[in-house]
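Below are the chains, spelled out letter by letter.
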Amino acid sequence: GGHDVDRAVCGGADVVVLAVPDAAIASVAASIEPEPTCTVLHLSGALGLDVLAPHERRGSVHPLLPLAGAVSGAEQLRGAWFAVDGDPLGVELVDALDGHVFSVAADDRAIYHAAAVVASNHLVALLGQVERLAAGIGIPPEAFVGLIQATLANVGASGAADALTGPVSRGDWDTVRRHLDSIGIDERPFYRAAAVEAARLVGRPVPDDILGE
């Protein structure tokens, strides 16, 4: 929605949800006349409750979802996980969606949001490399979707370390070297960084030549 909010917007409402960009939350919240019966909530994963001053009843409800579209996003909300803080009305809203609630301390908010960004945005960037490598040799990227889905299912069932397969999990660094030699120079940093992180995940030492360019 727009950022021009009438100062009487709270009038009679039990809750006002600020579905605006993070940078606009504080100014929009400040433009709303506080009322003792009205709870003001924001949907940010990165921000705490301080941006909702001067409202006494304040809270946050952050859906742990990649909401790419209004209609599809609304459908995804049912049964989802939410980071909830502040006024208990936030928990009531999640309950109405049959969702799952967890809390994040204010000091841990940036770490939580970083984890969410890695889980979604960085994963998409990684899958972008899959698309580029596959397309470069004429393989349709959708051929890898089943592999991706099965991998995510394995992580969900047993955790990341136990779900790791492939050359790094076996200590097969010769295969990793062949991979690095075969792909474009511009693709190597991402592949190398991911291989090093895979090794850290299972406590396997990385050869010096893999670590360096």
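Up top you'll find the structure we're talking about.
About the thresholds
Residues numbered from 1 in each chain as written. Predicted model: local features only at pLDDT ≥ 70, side-chain atom pairs only at ≥ 80, totals over all residues. Heavy atoms only, no water. Helix = DSSP H or I, 4+ residues; strand = E, 2+ residues; numbered from the N terminus. Rg over C-alpha atoms; globule rule 2.2 N^0.38 Å. Buried < 20%, exposed > 50% of the residue type's maximum accessible area, 1.4 Å probe, protein only. Lys, Arg positive; Asp, Glu negative; His and termini not counted. Charge placed at Lys NZ, Arg CZ, Asp CG, Glu CD. Pairing = 2+ DSSP bridges. Axes fitted to C-alpha atoms, helices over the stretch in contact; angles between N-to-C directions. Core = buried A, V, L, I, M, F, W, Y, C linked by side-chain atoms within 4.5 Å. Contact = heavy atoms within 4.5 Å.

## Thoughts on the overall build of the protein
Here's step 1: Counting its regular elements, the protein contains 10 helices and 5 strands.
Here's step 2: A compact globule built from 213 residues would reach a C-alpha radius of gyration of about 17 Å, whereas the protein, at 22 Å, exceeds it by more than 25%.
Here's step 3: By principal-axis analysis of the C-alpha atoms, the protein measures approximately 65 × 35 × 30 Å.
Here's step 4: The buried share of the protein, reckoned over its 213 residues, is 29%.
Here's step 5: Mean positive and mean negative side-chain charge positions of the protein (13 and 28 charges, respectively) differ by 9 Å.

## What about the sheet that holds strand β3 (residues 58–63)?
Strands pair in a sheet through their backbones, by hydrogen bonds, and they do so in one of two ways: parallel or antiparallel.
Here's step 1: Overall, mixed pairing links the 5 strands, which are arranged β1-β2-β3-β4-β5 in an open sheet. Only two strands of the sheet have a single partner each, and these edge strands are β1 (15–18) and β5 (100–102). Adjacent strand axes in the sheet meet at a mean angle of 30° when their direction is disregarded.
Here's step 2: As paired strands, β3 and strand β4 (residues 81–86) are joined by 5 bridges and run antiparallel to one another. Residue pairing for β4: Pro63 is matched across the bridge by Phe82.

## Some remarks on the nonpolar core
Generally speaking, nonpolar side chains in soluble globular proteins are found buried as a group.
Here's step 1: Counting 14 residues, the largest nonpolar core has Leu18 and Leu52 as the members making the most contacts within it.
Here's step 2: Those elements that place two or more of their residues in this core are β1 and α1 (22–30).
Here's step 3: Discounting residues that sit within four places of it in the chain, Leu18 has contacts with Ile25, Val28, Ala29, Ile32, Val40, Leu41, His42, Leu43 and Leu52.

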